[in-house]
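Given next are the chains, with one letter for each unit.
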Amino acid sequence: MLGHRSLRPSLTISDLETRRQLALPSSVALRIQTLEAELATNPSNYDANVQMMGKMANIEKLRRAREAMSKVFPLTPSMWQEWAEDEVEEANLVFHR
């Protein structure tokens with residue numbers, strides 16, 4: 001066989017995250033856009049920060065949201081625990097590829 005190639009290209013983590021983001025219901029996507037706009041004008045809105053972290057399906061965006069919030073507010077122990085668990089899960093996905 002000459003140059004056998006898989007018909008299905010390998011997906012990267014960002015590809016998978018993009019698919020997850022696109023699969024969000026439009027109401028959730030709209031809420032995320034609203035929260036992003038609110039936080040762009042008022043990054044110290046605690047409730048918007050917490051809601052944003054709860055809506056994120058994309059690990060990179062979630063990481064940025066957490067980092068932004070941690071610069072303005074102290075994170076609760078459960079927020080730190082969730083963050084650590086998400087990072088471990090992400091590392092395991094990368095490691096097992």
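Here we summarise the structure given alongside this text.

A closer look at the packing of helix α4 (residues 59–72) against helix α5 (residues 77–95)
At step 1: Close contact between α4 and α5 brings their axes to 12 Å; oriented N to C, the two are set at 150°. In terms of their interaxial angle, α4 and α5 are classed as roughly antiparallel. At the point where α4 passes α5, the crossing takes the left-handed sense. Seen from α4, the contacting residues are I59, L62, R63, R66, E67, M69 and S70; seen from α5, they are M79, E82, W83, D86, E87 and E90.
At step 2: The class makeup of the residues in the contact of α4 with α5 is five nonpolar, one polar and seven charged.

A few points about the packing of helix α2 (residues 26–41) against helix α3 (residues 46–55)
At step 1: Direction vectors running N to C along α2 and α3 enclose 145°, while the axes themselves pass 10 Å from each other. Every pair of crossing elements has a handedness; the one defined by α2 and α3 is left-handed. Across from V28, R31, I32, L35, E36, E38 and L39 in α2, the residues of α3 making contact are A48, N49, Q51, M52 and K55.
At step 2: When grouped by side-chain class, the residues that make up the contact of α2 with α3 number six nonpolar, two polar and four charged.

A short note on the pattern of salt bridges
Two side chains carrying opposite charge are able to pair once their charged atoms lie near each other.
At step 1: One pass over the structure, following the stated rule, counts three salt bridges.
At step 2: As a salt-bridge pair, R63 and E60 come within 2.8 Å of each other at their nearest N and O atoms. Placement of both R63 and E60 in helix α4 is noted, with a separation of three residues, approximately one turn of the helix.
At step 3: Exposure remark for E60: the relative accessible area of 39% places this residue in the partly exposed category.
At step 4: In this structure, the salt-bridge partner of E87 is R63, at a minimum N-O distance of 2.8 Å. Here R63 lies in helix α4 and E87 lies in helix α5, a separation of 24 residues in the sequence.
At step 5: When its relative accessible area of 25% is taken as the criterion, E87 is described as partly exposed.

The rules behind the values
Residues numbered from 1 in each chain as written. Predicted model: local features only at pLDDT ≥ 70, side-chain atom pairs only at ≥ 80, totals over all residues. Heavy atoms only, no water. Axes fitted to C-alpha atoms, helices over the stretch in contact; angles between N-to-C directions. Helix = DSSP H or I, 4+ residues; strand = E, 2+ residues; numbered from the N terminus. Parallel < 35°, antiparallel > 145°, perpendicular 65-115°, else oblique. Left-handed = near helix turned anticlockwise from the far one by under 90°. Contact = heavy atoms within 4.5 Å. Nonpolar A, V, L, I, M, F, W, Y, C, P; charged D, E, K, R; others polar. Salt bridge = Lys/Arg side-chain N within 4 Å of Asp/Glu carboxyl O. Buried < 20%, exposed > 50% of the residue type's maximum accessible area, 1.4 Å probe, protein only.

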